[in-house]
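Chain residues, written in single-letter form:
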Amino acid sequence: MNTEKILKAGKIASQVRKYAKSIIIKDSPLIEIAEKIEDKIKELGGKPAFPTNLSIDDIAAHYTPSYDDKTTASGLLKVDFGVHVDGWIADTAFSLDLEDNEENKKLIIASEKALENAIKNSRENKELNEIGKIISETIEKDGFSPIINLSGHEMKQYDLHAGITVPNMNDKKFILMQKGLYAIEPFATSGNGKVYDGKPSGIFLLTNSKNIRNPLAREVLNFIEKEYQTLPFCSRWLVKKFGTKALFALKQLEENKNLHHFPQLVETSHSKVSQAEHTILVDKEIIITTKEK
Ligand code: MN
Ligand code: MN
């Protein structure tokens with residue numbers, strides 16, 4: 001692990017959290033918010049580790065605006081973004097109530113408290129199911145449910161979801177937290193506490209580089225390999241580079257099975273969802289790399 005780069009990515013993410021909170025207001029176009037966040041990451045010397053997720057209300061995760069998206073900020077908005085420095089990732093999220101709604105505010109507090117309690121109890125050799133139990137109990141105490149089929153995750157260089165999972169409930173698995181880099185991300189909902197796969201998100205991951213005959217698709221594939229490597233990217237970024245013909249190339253690459261296309265993740269009872277997330281470095285002590293200073 002490269003601690004220096006991990007801490008640098010985290011510091012940038014913590015600054016971008018503050019910046020994002022200062023610019024997001026109700027009715028701002030999501031595409032403007034996403035681009036401002038991603039531009040800020042670059043300005044501070046990092047790169048986006050994945051497309052900025054701006055998921056509203058019952059969409060728990062994986063909504064990123066498309067290049068022609070007209071959606072504006074409203075309701076209970078989750079802002080989830082990542083920074084990487086040479087592949088070392090900081091993954092962080094917060095939620096905003098943009099309609100002055102009591103339930104939204106309570107949901108936000110519930111996921112934040114669950115995150116805080118989970119981090120307080122994190123250390124090397126701690127059973128991960130115990131951290132999951134702390135998350136679910138904190139959220140349930142506030143009268144809500146955790147989303148049980150979403151979880152935190154270990155991160156390695158250029159690998160956003162590596163190896164170990166940090167559950168949002170007691171998953172009855174007896175796996176110990178090891179030294180390493182983890183994202184912890186409780187989701188709280190007033191609904192059933194599960195998500196299903198919704199519409200395609202426009203967020204992709206390169207799964208293999210097997211050759212494709214179409215020259216444009218090949219050019220886009222080469223760009224993805226070089227620019228994003230094994231980190232997620234989105235159609236909006238490629239339209240910016242290649243124009244709308246990138247959408248045709250993406251379709252070809254999907255058909256050729258070069259890509260995984262992530263679905264939007266939607267709460268099954270269409271109830272509202274809040275999220276809080278930080279990245280922690282587990283070593284002799286715990287460092288919250290993305291904490292706002
Ligand atoms: Mn995240
Ligand atoms: Mn994450």
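As the structure is a computational prediction, the values presented were derived from the model and not from experiment.

In a regular helix each residue adds 1.5 Å, so 14 residues correspond to 20 Å; helix 4 (residues 128–141) covers 20 Å between its end C-alpha atoms and thus fits that length. Those residues of helix 4 lying buried are Leu128, Asn129, Ile131, Gly132, Ile134, Ile135, Ser136, Thr138 and Ile139. Those residues of helix 4 that are buried are in contact with helix 3 (102–120), strand 5 (145–146), strand 7 (159–166), strand 8 (180–184) and strand 9 (187–189). One or two residues past the end of helix 4 sits Gly143, with phi positive at roughly 90°.

Let us look at the coordination of the manganese ion (ligand 1). Around a metal, the idealised angle for a tetrahedral arrangement of four donor atoms is 109.5 degrees; for an octahedral arrangement of six donor atoms it is 90 or 180 degrees. On the protein side, the manganese ion (ligand 1) has Asp80 (OD), Asp80 (OD), Asp91 (OD) and Glu277 (OE) as donor atoms, found 2.1 to 2.4 Å from it. All donors of the manganese ion (ligand 1) come from a single chain, and their spacing in sequence reads D-x10-D-x185-E. Between the manganese ion (ligand 1) and the manganese ion (ligand 2), a separation of 3.2 Å is found, and both are coordinated by Asp91. Residue Asp80 is located in strand 3 (residues 76–85), and its partner Asp91 is located in strand 4 (residues 88–97); the two are separated by eleven residues in the primary sequence. A single burial state applies to Asp80 and to Asp91, both of which are buried.

Moving on to the domain arrangement of the chain. Split by domain assignment, the chain resolves into domain 1 (3–197 + 266–288) and domain 2 (198–264). The centre of domain 1, based on its C-alpha atoms, is set 25 Å off from the matching centre of domain 2. Between domain 1 and domain 2 the total buried area reaches about 1,900 Å² when both faces are included, carbon and sulfur atoms providing 62% of it. On the domain 1 side of the contact with domain 2, His62, Tyr67 and Tyr158 bury the most area, a combined 35% of that side's loss. Our count for the contact surface shared by domain 1 and domain 2 stands at three salt bridges. In this assembly, domain 1 and domain 2 are joined by nine residue pairs in polar contact (both at pLDDT 80 or more). When residues of the side of domain 1 that touches domain 2 are traced back to their parent elements, those giving at least two are helix 2 (30–43), strand 1 (47–56), strand 2 (59–61), strand 7 and strand 10 (195–206). Looking at which element gives the most residues to the side of domain 1 that touches domain 2, the answer is strand 1, with seven residues.

Only Asp91 (OD), His153 (NE2), Glu185 (OE) and Glu277 (OE) from the protein coordinate the manganese ion (ligand 2), and they sit 2.1 to 2.2 Å from it. Considered as a linear motif, the donors of the manganese ion (ligand 2) on their single chain read D-x61-H-x31-E-x91-E. For His153, a relative accessible area of 3% puts it in the buried group. The class for Glu185 is buried, based on a relative accessible area of 7%.

On to the pairing of strand 8, then. In terms of residue burial, strand 8 counts as a mostly covered element, since five of its five residues are buried. Every second residue of strand 8 is oriented toward a common face, with Gly180, Tyr182 and Ile184 on one face and Leu181 and Ala183 on the other, all of them buried. With five bridges joining them, strand 8 and strand 14 (residues 278–282) adopt antiparallel strand pairing. Bridge pairing in strand 14 places Leu181 opposite Leu281.

What counts, and where the lines are drawn
- Residues numbered from 1 in each chain as written.
- Chains lettered and ligands numbered in written order.
- Predicted model: local features only at pLDDT ≥ 70, side-chain atom pairs only at ≥ 80, totals over all residues.
- Heavy atoms only, no water.
- Helix = DSSP H or I, 4+ residues; strand = E, 2+ residues; numbered from the N terminus.
- Expected span 1.5 Å × (residues − 1).
- Buried < 20%, exposed > 50% of the residue type's maximum accessible area, 1.4 Å probe, protein only.
- Contact = heavy atoms within 4.5 Å.
- Donors = N, O, S within 2.8 Å, 3.2 Å for Na, K, Ca; no water.
- Domains from an automatic or database assignment.
- Buried area = accessible area lost by both parts, 1.4 Å probe.
- Salt bridge = Lys/Arg side-chain N within 4 Å of Asp/Glu carboxyl O.
- Polar contact = N/O pair within 3.5 Å; in protein donor to acceptor, adjacent residues only side chain to side chain.
- Pairing = 2+ DSSP bridges.

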